[in-house]
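Structural description and commentary
Chain by chain, the residues run as shown.
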Amino acid sequence: MKHVVQRMVGLLLIGAGVVGLIISLAGLFIGLPTLSAAEETLNSRIADLDQALIAAADGLNVADSSLASATETITAIETTVRSSGQAISDTLPTIDRVGTLVGVEIPRAIRSTQQTLETARVADAVLGAISRIGLLGANTYNPDVPLNQAIQQVSDSLDPLPASLSGVRDRLTITSANLRRIGANTEAVAENIADINAGFRDARQVINRYQTLVTDLQAEIAALRAALPVWFGAARALLAILSIWFALAQFALFAQGISLLRQS
């Protein structure tokens, strides 16, 4: 019975040694090529990731350049709008002054002139009356066109001017109000443009942060690609050592199994 047990144990040890030797050979002839294929695949994936990061960096650079150009354009537009609004604001006092001049001062001067002409017309009427009653010579005061008629004509020609000038003043008042609204709207537009410009600056800051992130990732990927051969080389060496060590251990099982068989 003892010899039978020894024989069975010996056969089991020899079988285990054969299986272990097969596993060791599989580790050498299958594991090493698998590691090489894994290294190649990982290198390919890292290369694809690196190209994607390069494309992302290029896209971020283009976006940053576009935003920089847009910021310059928006800044120029904002400056122009503000200058236009300032020009309108500077023009308003002049328009108001012209309106006062046209609507108030010139009509006042016309009315004063008409009063002066009326005084002259009265004086002319007095001279005519004196001439007619013979206090003056017949030819002393005998104009072709009596002065009072000429003055009346001038005064009549001045009559429409105050109303016309008042209409001009009304139109200038409307124009001034419209310009004030335009100035206020221009300022609002300038503020909106400034907000847009601030949004562009914030977007550029975000893009700059992403550019820094992409640069860091590219550096990490470059370091990873440089370290991969070392890591996989160490893995292949370790697998080879373990496989050889495991194979040598199987020879001990063979020897022990053969010894048990001989004893049985």
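Our subject is the structure that appears above.
Our subject in this report is the structure included herewith. Everything numeric in this text was worked out from a predicted model, so none of it was measured.

Things to note about the overall build of the protein chain
- Within the protein chain, the secondary structure is distributed over 3 helices and 0 strands.
- Of the regular secondary structure in the protein chain, the N- to C-terminal order runs α-α-α.
- Counting every position in the protein chain, which comprises 264 residues, the buried fraction comes to 24%.
- Expressed as a percentage of contacts within the protein chain between residues at least 6 apart in sequence, the contacts between residues at least 24 apart total 92%.
- In the structure as shown, the protein chain presents an accessible area of about 16900 Å², 66% of it carried by carbon and sulfur atoms.

Side note on the nonpolar core
- Counting 10 residues, the largest nonpolar core is built from Ile46, Leu53, Ala57, Leu60, Leu67, Ile207, Val214, Ile221, Leu228 and Phe232.
- Listed by contribution, the elements that provide at least two residues to this core are α1 (2-132) and α3 (160-263).
- Setting aside chain neighbours within four positions, we find Leu53 in contact with Val214, Leu217, Gln218 and Ile221.

Some details on the side chain of Asp64
- Structurally, the position occupied by Asp64 is in helix α1.
- With relative accessibility at 14%, the residue Asp64 sits in the buried group.
- Residues contacting Asp64, with those up to four places away along its chain left out, are Arg204, Ile207, Asn208 and Gln211.

Digging into the side chain of Ser176
- Summarising the element assignment, Ser176 is placed in helix α3.
- Judged by relative accessible area, Ser176 falls into the buried class, the value being 2%.
- Excluding residues that lie within four positions of it along the chain, Ser176 makes contacts with Leu92, Ile95 and Asp96.

Some details on the environment of Ser65
- Considering the arrangement of structural elements, one finds Ser65 in helix α1.
- With relative accessibility at 46%, the residue Ser65 sits in the partly exposed group.
- Remark: the alpha-carbon pair of Ser65 and Arg204, spanning 139 residues in sequence, is separated by 9.1 Å.

Some remarks on the pattern of salt bridges
- Tallying each qualifying case throughout the model produces 6 salt bridges.
- Note that Arg225 is salt-bridged to Asp50, the shortest N-O span being 3.9 Å. Of this pair, Arg225 sits in helix α3 while Asp50 sits in helix α1, and the two are 175 residues apart along the sequence.
- Take Arg225: its relative accessible area is 36%, and that puts it in the partly exposed class.
- For Asp50, a relative accessible area of 16% translates into the label buried.
- What you see here is one network of salt bridges that share partners, running through Glu78, Arg82, Glu187 and Glu191.

As for the environment of Ala184
- Summarising the element assignment, Ala184 is placed in helix α3.
- For the pair Ala184 and Gly85, spaced 99 residues apart in the sequence, the C-alpha separation amounts to 7.8 Å.

Some remarks on a nonpolar patch on the surface
- A surface patch of nonpolar side chains, about 420 Å² in accessible area, is lined by Val19, Ile23, Trp245 and Phe246.
- Among the elements of the structure, α1 and α3 are those that each provide at least two residues to the nonpolar patch.
- Tracing the backbone shows Ile23 in helix α1.

What counts and what doesn't
- Residues numbered from 1 in each chain as written.
- Predicted model: local features only at pLDDT ≥ 70, side-chain atom pairs only at ≥ 80, totals over all residues.
- Heavy atoms only, no water.
- Helix = DSSP H or I, 4+ residues; strand = E, 2+ residues; numbered from the N terminus.
- Buried < 20%, exposed > 50% of the residue type's maximum accessible area, 1.4 Å probe, protein only.
- Contact = heavy atoms within 4.5 Å.
- Areas by Shrake-Rupley, 256 points an atom, 1.4 Å probe, with all protein chains shown as cover.
- Core = buried A, V, L, I, M, F, W, Y, C linked by side-chain atoms within 4.5 Å.
- Salt bridge = Lys/Arg side-chain N within 4 Å of Asp/Glu carboxyl O.
- Patch = residues over 30% accessible without salt bridge, like charges linked within 9 Å, V, L, I, M, F, W, Y side chains within 5 Å.

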